[in-house]
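# Reading the structure
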Amino acid sequence: MTPLAEIRALVAAHARADLRTPLPGLLLSEVDTSEPHHSLAEPLLVVMAQGGKRLLLGEQVHEYRAGQYLLVSTDLPVTGHFVGATPATPALGMGLTLRPAAIAPLLLEAPPGRWARTAPASPIATGDAGPELLDAVVRLLRLLDHPADAPVLAPLIEREILWRLLTGPHGGLVRQIGLADSGSHSINGAIRWIRENYAEPMRIEELAKLAGLSASAFHRHFRAVTAMSPLQFQKRIRLQEARSLLLADAGDIAGVGHLVGYDSPSQFNREYRRLFGAPPGQDAARLRAAAAPAGAQLP
């Protein structure tokens, strides 16, 4: 059995609706629909084992298929859909949370000058998963069948995976996660504030100060990291949160709009429909009727 085939079999055997596994940071996904899915992506490695996905960030389109990987370097609202996923041939993938605390020590172990200083052009990248990376992923997934070994071996394999990423073609993107003084790190505090306070009025001057930048530089760096303006980012977070709330209870649409920060019900309805393709009540009813989202999805 090839490494990719074994990854496919292990993901199919252990995937759950909530993505979670007993191993911290390891996520598994099995999706049998090609419906568009809106989500908040965290710093993450995704290896696709079966099928493919098309991901939209702002105006950028990223695609990856079986045998390829996706890297996300910061928290981002993204829209995506799996290509050709059906109940007979679901999309299968594994994800590994990219933790700054695990990446930073590796940056200190390389010879001086090993790491280039050039910043990635995008917070998302895709590429082919080489044999060394696939081999490490297989060994990590095997630990799901050997839980007694996991506490000792899982951290070692995670370290190996991170090293493969750091020394690979998109290592600069991964290094930004671990570097406290990286260009993206100065924006991450602002991104976190918007995610946690999305219903609050946003003051660019205060966010720029949080990032240690002027207002104009903040706008420029924020768009470079997220492919959106701060206002577009906040709007996307608000609408995705509203969708989750409406899925649970679509009875008070105006109340949900106000809860996520909209003072105008008409503006909430207009922007919701523009993003999700239907008015709030109709969209929520459709999702519940289709039992979707059926579970969490990897980006």
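See above for the structure.
Residues numbered from 1 in each chain as written. Predicted model: local features only at pLDDT ≥ 70, side-chain atom pairs only at ≥ 80, totals over all residues. Heavy atoms only, no water.

The next point concerns the sheet that holds strand 7 (residues 76-83). Taken in spatial order, the four strands make up an open sheet running 2-7-4-5, and their pairing is antiparallel. Two strands close off the open sheet at either side, each with one partner strand: strand 2 (37-41) and strand 5 (60-65). This sheet shows a mean twist of 30 degrees between the axes of neighbouring strands, independent of strand direction. Where strand 2 lies against strand 7, five bridges are found, and the strand directions are antiparallel. (Pairing = 2+ DSSP bridges. Helix = DSSP H or I, 4+ residues; strand = E, 2+ residues; numbered from the N terminus. Axes fitted to C-alpha atoms, helices over the stretch in contact; angles between N-to-C directions.)

This part takes up the sheet that holds strand 3 (residues 44-50). The sheet built from five strands is open, its strands ordered 1-8-3-6-9 with antiparallel pairing. With one partner strand each, in any of the chains shown, strand 1 (26-31) and strand 9 (124-128) form the two edges of the open sheet. On average, each strand axis in the sheet is inclined to that of its neighbour by 20 degrees, with strand direction left out of account. On the sheet, helix 5 (residues 171-178) packs against strand 6 (68-72) and strand 9 and is oriented at approximately 35 degrees with respect to strand 6. (Contact = heavy atoms within 4.5 Å.)

The subject of this paragraph is the packing of aromatic side chains. Counting across every chain of the model gives five aromatic pairs. Seen from their ring centres, F218 and F222 are 5.6 Å apart, and the 50 degrees between their planes marks the pair as tilted. One end of the pair, F218, and the other, F222, are both in helix 8 (residues 215-226), four residues apart, so they sit about a helical turn from each other. You can call F218 buried: its relative accessible area is 0%. On the basis of relative accessible area, F222 is assigned to the buried category, the value being 0%. Centre to centre, the rings of F268 and Y272 are 5.8 Å apart; their planes meet at 65 degrees, and the pair counts as edge-to-face. Of this pair, F268 and Y272 both sit in helix 11 (residues 265-276), four residues apart, which is roughly one turn of the helix. According to the relative accessible area criterion, Y272 is buried, its value standing at 0%. (Phe/Tyr/Trp six-rings, centres within 6.5 Å; stacked < 30°, edge-to-face > 60°. Buried < 20%, exposed > 50% of the residue type's maximum accessible area, 1.4 Å probe, protein only.)

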